[in-house]
Amino acid sequence: MAFYGGSRINTNIGARNAFDSLNKINSKIGQQQLKLATGRRINSASDDAAGYTLSVKINNRAQSLTKAQNNIGEAKNILAVAESGYQAINDILLQVKEKVIQAGNASYTTDERNALNSEVVELGSEIDRIVAETKFNGISLLSSGLSDADFQVGADNGDSITFSLTASVSASSLSVTSSTIPTGSDSTQIGTSLGSIDTSINTISAELQEIGSLVNRLDFKEQVVSSAITNLKAASSRITDADIAEEQLESTKLSILQQTATTQLSQANAAPQNILSLFR
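Residues numbered from 1 in each chain as written. Predicted model: local features only at pLDDT ≥ 70, side-chain atom pairs only at ≥ 80, totals over all residues. Heavy atoms only, no water.

Asker: How would you explain the confidence of the model for the chain if you had to name every residue and give the values?
Answerer: The pLDDT averaged across the chain works out to 84; a share of 83% of its residues lies at or above 70. When the criterion is pLDDT under 50, residues 1-7 qualifies, and its contacts beyond four places in sequence or with other chains add up to 12 contacts. (pLDDT = per-residue confidence, 0-100. Contact = heavy atoms within 4.5 Å.)

Dropping the structure here:
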């Protein structure tokens, strides 16, 4: 049997080497095309086991923090609803106080005082209506309906915020009743009514201050979580995302090598034919 290049003709080592090289190049081209198509340097654990594992951990934490960020938003929504209710009641109390001051007028007769009293009673009914309608997901917020509310605001155990809206508000508890307007302009009676209304205003103001402090705390926490999510996503991007320019250059290089390997395979397959000319 004849030989070629130190090998038998029926075992074309040159063609086999060129074929193996072409297969390797085609495999690499497939990997490059996947990277360019997905924009990711790591598409499976086999691409970079350590990088893949780290990116999974980072992405899991980023997703957990995103859910925590949603919880923070819900907590702020609840407080915003409660604040709007308290603010409306506070405005009513200020009107009631004006009515009490107005009642401290010796020129008023029973008719004027009855008119003021009717206004105050109506304002008291409005307070009770506000209390009844200030709800979030069916939870009453102004009548001790929200106690020890826990919100997970981070990805780790114990990273939570707990708060309560403990003030039980009603027209009666805020001294807005049919007896708020004194029957006369006696300074002692007027002073007593004003003292009760001022106490009610201070109660509502304290709740508004507490809500404000909680919202500020949640705002800071939201900023921290948002920043953490951004940094985690940036870290994951640095690990897994492909450098498109670099990958395109590599793809171009492999394309040239593919053409070269194809040419070499063609030549290696044709070379044994030259030996046959020796037998002619």
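Asker: Before we move on, can you summarise helix α4 (residues 187-240) with the specific residues and values?
Answerer: Its 54 residues place the ends of α4 78 Å apart at the C-alpha level, agreeing with the 80 Å of an ideal helix rising 1.5 Å per residue. Taking the backbone nitrogen of Thr188 as reference, a side-chain oxygen 3.0 Å away marks Asp186 as the first, capping residue of α4. (Helix = DSSP H or I, 4+ residues; strand = E, 2+ residues; numbered from the N terminus. Expected span 1.5 Å × (residues − 1). Polar contact = N/O pair within 3.5 Å; in protein donor to acceptor, adjacent residues only side chain to side chain.)

Asker: Could you give an account of the packing of aromatic side chains, naming the residues involved and the relevant values?
Answerer: Counted by the stated rule, this structure contains one aromatic pair. Both rings, one in Phe151 and one in Phe163, keep their centres 5.5 Å apart while their planes meet at 5°; by these two values the pair is stacked. Taken together, the residues span a long stretch of sequence, with Phe151 in strand β5 (residues 146-152) and Phe163 in strand β6 (residues 160-165) at a distance of 12 residues. Here Phe151 falls in the buried class, since its relative accessible area comes to 13%. Using a relative accessible area of 5% as the deciding quantity, one classes Phe163 as buried. (Phe/Tyr/Trp six-rings, centres within 6.5 Å; stacked < 30°, edge-to-face > 60°. Buried < 20%, exposed > 50% of the residue type's maximum accessible area, 1.4 Å probe, protein only.)

Asker: So what about the environment of Asn60? Which residues, and what values?
Answerer: Tracing the sequence through the fold places Asn60 in helix α2 (residues 49-103). For Asn60, a relative accessible area of 41% translates into the label partly exposed. For the pair formed by Asn60 and Leu232, sequence separation is 172 residues and the distance between their alpha carbons is 9.7 Å.

Asker: If you had to explain unusual backbone geometry to someone new, which residues and values would you point to?
Answerer: Although it is not a glycine, Asp148 sits at a positive phi angle of roughly 50°. Checked against the element boundaries, Asp148 lands in strand β5. Note on Asp148: relative accessible area 54%, which makes it exposed. Residue Ser175 is not a glycine yet carries a positive backbone phi of 65°. Turning to its location among the elements, Ser175 is positioned in the loop between β6 and α4. Taking the relative accessible area as the measure of exposure, Ser175 reaches 26% and is therefore partly exposed.

Asker: Kindly report on the nonpolar core, identifying the contributing residues and their values.
Answerer: Ranked by size, the top nonpolar core spans 52 residues in total, and within it Ile89, Ile127 and Val176 carry the most contacts. Looking at this core, the elements with two or more residues in it are α2, α3 (110-133), β5, β6 and α4. Apart from the residues within four sequence positions on either side, Val176 is in contact with Leu93, Val96, Val120, Leu123, Gly124, Ile127, Ala171 and Ile197. (Core = buried A, V, L, I, M, F, W, Y, C linked by side-chain atoms within 4.5 Å.)

Asker: Got a sec to walk through the pattern of salt bridges? Specific residues and values, please.
Answerer: Any two side chains of opposite charge can pair, given that their charged atoms come close. Scanning the model with the defined rule gives eight salt bridges in all. Between Lys97 and Asp198 there is a salt bridge, and its shortest N-O distance comes to 2.9 Å. Taken together, the residues span a long stretch of sequence, with Lys97 in helix α2 and Asp198 in helix α4 at a distance of 101 residues. Residue class for Lys97 comes out partly exposed when judged on its relative accessible area of 25%. A salt bridge links Arg129 to Glu126, with the shortest nitrogen-to-oxygen separation between them at 2.3 Å. Highlighted residues: Arg129 and Glu126, both in helix α3, separated by three residues, approximately one helical turn. Given a relative accessible area of 37%, Arg129 falls into the partly exposed group. (Salt bridge = Lys/Arg side-chain N within 4 Å of Asp/Glu carboxyl O.)

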